[in-house]
Every structure is written in C-alpha cells, then in structure tokens.
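These are the residues of each chain, in order.
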Amino acid sequence: MQRTQKWRKRAVLLGLTAMLTILLSGCGGEANPKDKTAAAEPTSRQYYIFDTVVNIKLYEDPKGEEHLDHIDAMLKTLDEELSRTLETSQIYKVNQEAGVEAVEVSEDTIEVLKRSLNYAKETDGLFDPTVGGLVDLWDIGHEDAHVPAPEDLQRELSLVGYQNVVMDETKRTIFLKTPGMILDLGGIGKGYAADKIAAYLREEGVKSALVDLGGSSIIVVGSKPNGDDWIVGLQDPDSSRGTTMGTIRLNDQVINTSGVYERYFVEDGVMYHHILDPRTGAPAQNELKSVTILTDNATDADALSTVVFVMGLEKGMEFVENYNEVTEALFITKDDKIYVTSGLKDQFKVTNELYTLIQE
C-alpha cells in the first residue's frame, strides 16, 4: 500500500506538467471580453483515477453539478474494476490469481481487455496489456527508478505475452496462464473512462465540455460555447510548462500525446523514458520526442499514441495513414522537425520558430 500512495503523490505532480493546453482566448493572449468561453465560468471538478488527475469542465450547463456527481460515481466504479495498483480492484485480483484460476469481472473490464487484445493483434504485440511486470521493474515515475539488471529484465520480459491471456466473454472471466504475469490495462483504461464520460455528457445533451486527463489527453465535447472550435496548444518538449510549439483546432474530438519528457529518469548520462517496447522490455529507442494522435475516441487515442511512438516515424506515419479516415498523427523528432499525416495539414499551426513543419 505504501508504494501505491507514493506513486499517487507523484502522479498528482505529473498532472501539473501538461503536454496539451486549451487556449480559451484562441491564441494564448488576452481573453476577448466578448468571448463567452472566456467570460462564463464553467462548472468544474477534479478527479483521480488510474494514477491520473482528471479535470472536467462543463460550460453553460444548468445541471452541471448533477452531471459531475454522476461522473464521480462512474469513475470510482471504473477504478475499482480496472486499476492495477488498487488492491481491491478486479484487475489486481486477476493478477494475484495468475496461473491459478480464472476471475469473474465486470462487463466494462471485459470490454477494455477485449479492445486491448485487439490492439495487440493488430500491432503484432507492439501494444501488449501484459507488460505490468516490466512497468514495475523499471519503476519510471518514482524516485528510486533505475536501469534493471539484465537477468531481471529477461525474467519479466519472458512473462510478457498477450497470447497467454484467456478471456471468456460469456462467463465474464479472465485467466492469466503464466504465474507471475501482470495484466495492466492502464494503456487504454484512461481513454475508455474518458469515452464513458463523453458518451454520458452527449446523452444528457451537454453541448460544450472539456475532459482533461492529466494534460496528456483532452476530449472536447462539441464546440466552445460561442460556436468556435477549441484551440489546443501542444507543449514544447524542451521547455517549461505553458510554452507551446504549435496549435490544433478541435471540435467534438480527442487529442492524446505521448512523449519522452512525460516521465523519465537519467542514469550515467542516459535518459530513460516511460514508453516501453514490449519486444525488448526497455524504453523505445528511436528519433522521436513525441507523438500526438487526433481521433474520434479516447480509447483509440490512448493506445495509438503509445503504439505509434514505438513504431517510430516512418512506420508510425504509414500505420496511421492506413488506420481509418478519422485518425491523424503529429510527430516531433529529436532534430525539432514536425511531421503530420495528410488530414492534419490544415488543422495544425506551428507557433515556435525553433520547430520546422516538414511538408511532404
């Protein structure tokens, strides 16, 4: 329990280093007094789920507090189902029973696992929900993070394998074939929760809302209250919080960013970030600083931002271009160049002269 509490304290701090920022005034300057978004105070609340701070703002909604109370109950239920670190959760029990017996779970847990396994199959294991042991081993995000011993890395790597997860949809059970295997649905759990929130708000007729998951993922429901698109600022990976390198316009969409600057540690002059490659068990090594995914649902965005980062620039670009017609991506490379998929060329604007948009 001590470790979980320590991580939660650290997660709150990480939530303050936003990679995505809503620019309510449109261009980051002084707010226009005629802009209803700037003038009207939203109904807002902060939550905590899956080791992430979640901020929700509802604009011009007379039932705002009622909706936020309902969302609070939704998130608490999902945390009890999907959290790997919460000792009372369903996934925690599944991991405790690895190699022993199947565990009955909820419909939401089955749905999240089903989608996780589909992503794993689609990406030949580049997305793998059984990397929990590797995540624990590297411990990135904690003060005592360090490069693991080779024998420890090989041990945990041998336990990774989505093929060894048995899911029975009819009985709603999950069984991990290998003792010691650790299922981790955090790779899409936050996105799934955000989609549930957005679906509820749309069903309730909410016209304008923001769902911010720790500054790395944002869902905008509808447009701004005045009818304009939302404008999201992308964090400059090499600068302090609030320094943007570009903006993207959104309307009823999702944006998610994964970057090497999100969580990392430095050992012997080498930087080790939190985005692990399931093939090697180590942080993915390529030319990228970050990947941003723009799509119509947070579950896809959550998974794809990680998968595409692991793929690297060329393969990642090709994968997204062929994924579906509503998904786009933006890549920032270590030499400060920006590459975007075809559908983003008119939505993205560079605002920092240190970065160059490569038009292909």
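Attention in this report is confined to the structure presented alongside it. Treat the numbers as computed from the prediction; the structure is a model and nothing was measured.

**Structural notes on the overall build of the protein**
- Of regular secondary structure, the protein possesses 10 helices and 20 strands.
- In the protein, the share of contacts with a sequence separation of at least 24, taken over all contacts with a separation of at least 6, comes to 63%.
- Accessible area of the protein: about 16,400 Å², with a carbon and sulfur share of 46%.

**Describing the nonpolar core**
- Counting 71 residues, the largest nonpolar core has I56, I71, I174, L201 and F331 as its most contacted members.
- Counting 21 residues, the second-largest nonpolar core is a separate cluster that includes Y59, V232, L250 and L330.

**A short note on helix α7 (residues 150-157)**
- Every buried residue belonging to α7 is among L153, E156 and L157, and all of these are buried. Angularly, the buried residues of α7 cover 100° about the axis, an arc narrow enough to put them on a single face.
- For α7, the elements touching its buried residues are α6 (132-138).

**Side note on the environment of R155**
- Of note, R155 is situated in helix α7.
- For R155, a relative accessible area of 39% translates into the label partly exposed.
- The spacing of R155 and G133 is 22 residues in sequence and 9.2 Å in space, taken between C-alpha atoms.
- A polar side-chain atom of R155 sits 2.8 Å from a polar atom in the side chain of D152.

**Comments concerning helix α5 (residues 107-122)**
- Spanning 16 residues, α5 covers 22 Å between terminal C-alpha atoms, matching the ideal 22 Å at 1.5 Å per step.
- Among the residues of α5, those classed as buried are D108, T109, I110, V112, L113, S116, L117, Y119 and A120.
- Its buried side turned inward, α5 meets α3 (64-82), α4 (90-96), β5 (165-168), β6 (173-176), α8 (186-203) and α9 (298-311).
- Of the residues one or two after α5, D124 is the one with positive phi, at around 55°.

**A look at the packing of aromatic side chains**
- Throughout the structure, instances matching the rule amount to six aromatic pairs.
- Between the aromatic rings of W138 and Y272, the centroid separation amounts to 5.8 Å while the plane-to-plane angle is 35°, which identifies the pairing as tilted. Of this pair, W138 sits in helix α6 while Y272 sits in strand β13 (residues 270-273), placing them 134 residues apart in sequence. Pair check on accessibility: W138 and Y272 agree, each one buried.
- For the pair F265 and Y272, a centre-to-centre distance of 5.2 Å together with 20° between the ring planes defines the contact as stacked.
- Since its relative accessible area comes to 17%, Y272 is described here as buried.
- Among the aromatic residues, ring-to-ring pairing joins W138, F265 and Y272 into one connected group.

**Notes on empty space enclosed by the protein**
- Summed over all chains, the structure comprises one cavity of 30 Å³ or more.
- Counted as a void, the largest cavity has a volume near 40 Å³.
- Every residue lining the largest cavity is listed: K190, G191, L213, S216, S217, N256, A298 and D302.
- Broken down by secondary-structure element, the contributors of at least two residues to the lining of the largest cavity are α8 and α9.

**A word on the pattern of salt bridges**
- If you walk through the whole model with that rule in mind, you get 15 salt bridges.
- The salt bridge involving R84 is made with D184; its shortest N-O contact spans 3.2 Å. In this pair, R84 is assigned in the loop between α3 and α4 and D184 in the loop between β6 and α8, connecting sequence segments 100 residues apart. D184 carries the same exposure label as R84, and that label is buried.
- Of the charged contacts in the structure, one is a salt bridge between E169 and K114, with a shortest N-O distance of 3.5 Å. Within this pair, whereas E169 is found in the loop between β5 and β6, its partner K114 is found in helix α5, the two being separated by 55 residues in sequence.
- You can call E169 partly exposed: its relative accessible area is 44%.
- Connected through salt bridges with shared partners, the residues R45, E65 and D69 form a single ionic network.

**Observations concerning the sheet that holds strand β4 (residues 103-104)**
- Sheet architecture is open: three strands sit in the order β4-β6-β5, paired in antiparallel fashion. Each edge of the open sheet is held by one strand with a lone partner, namely β4 and β5.
- Sheet topology note: the β5/β6 ladder contains four bridges and is antiparallel. The partner of D168 across the bridge, within β6, is T173.
- Sitting on the sheet, α5 is in contact with β5 and β6, with an inclination near 130° to β5.

**Details of the environment of I248**
- Inspection of the secondary structure assignment puts I248 in strand β10 (residues 244-250).
- Exposure remark for I248: the relative accessible area of 0% places this residue in the buried category.
- A C-alpha to C-alpha distance of 6.6 Å links I248 and K349, two positions 101 residues apart in sequence.
- Beyond its immediate stretch of four places on either side in the chain, I248 contacts W230, I231, V232, L234, I255, L294, L330, Q347 and F348.

Rules used throughout
Residues numbered from 1 in each chain as written. Predicted model: local features only at pLDDT ≥ 70, side-chain atom pairs only at ≥ 80, totals over all residues. Heavy atoms only, no water. Helix = DSSP H or I, 4+ residues; strand = E, 2+ residues; numbered from the N terminus. Contact = heavy atoms within 4.5 Å. Areas by Shrake-Rupley, 256 points an atom, 1.4 Å probe, with all protein chains shown as cover. Core = buried A, V, L, I, M, F, W, Y, C linked by side-chain atoms within 4.5 Å. Buried < 20%, exposed > 50% of the residue type's maximum accessible area, 1.4 Å probe, protein only. Arc of directions from axis to C-beta. Polar contact = N/O pair within 3.5 Å; in protein donor to acceptor, adjacent residues only side chain to side chain. Expected span 1.5 Å × (residues − 1). Phe/Tyr/Trp six-rings, centres within 6.5 Å; stacked < 30°, edge-to-face > 60°. 1 Å grid on protein atoms, 1.4 Å probe; cavity = no way out; pocket = protein on both sides within 12 Å on 5 of 7 lines; lining within 4 Å. Points joined across faces, edges and corners; volume = space filled by probe spheres on them. Salt bridge = Lys/Arg side-chain N within 4 Å of Asp/Glu carboxyl O. Pairing = 2+ DSSP bridges. Axes fitted to C-alpha atoms, helices over the stretch in contact; angles between N-to-C directions.

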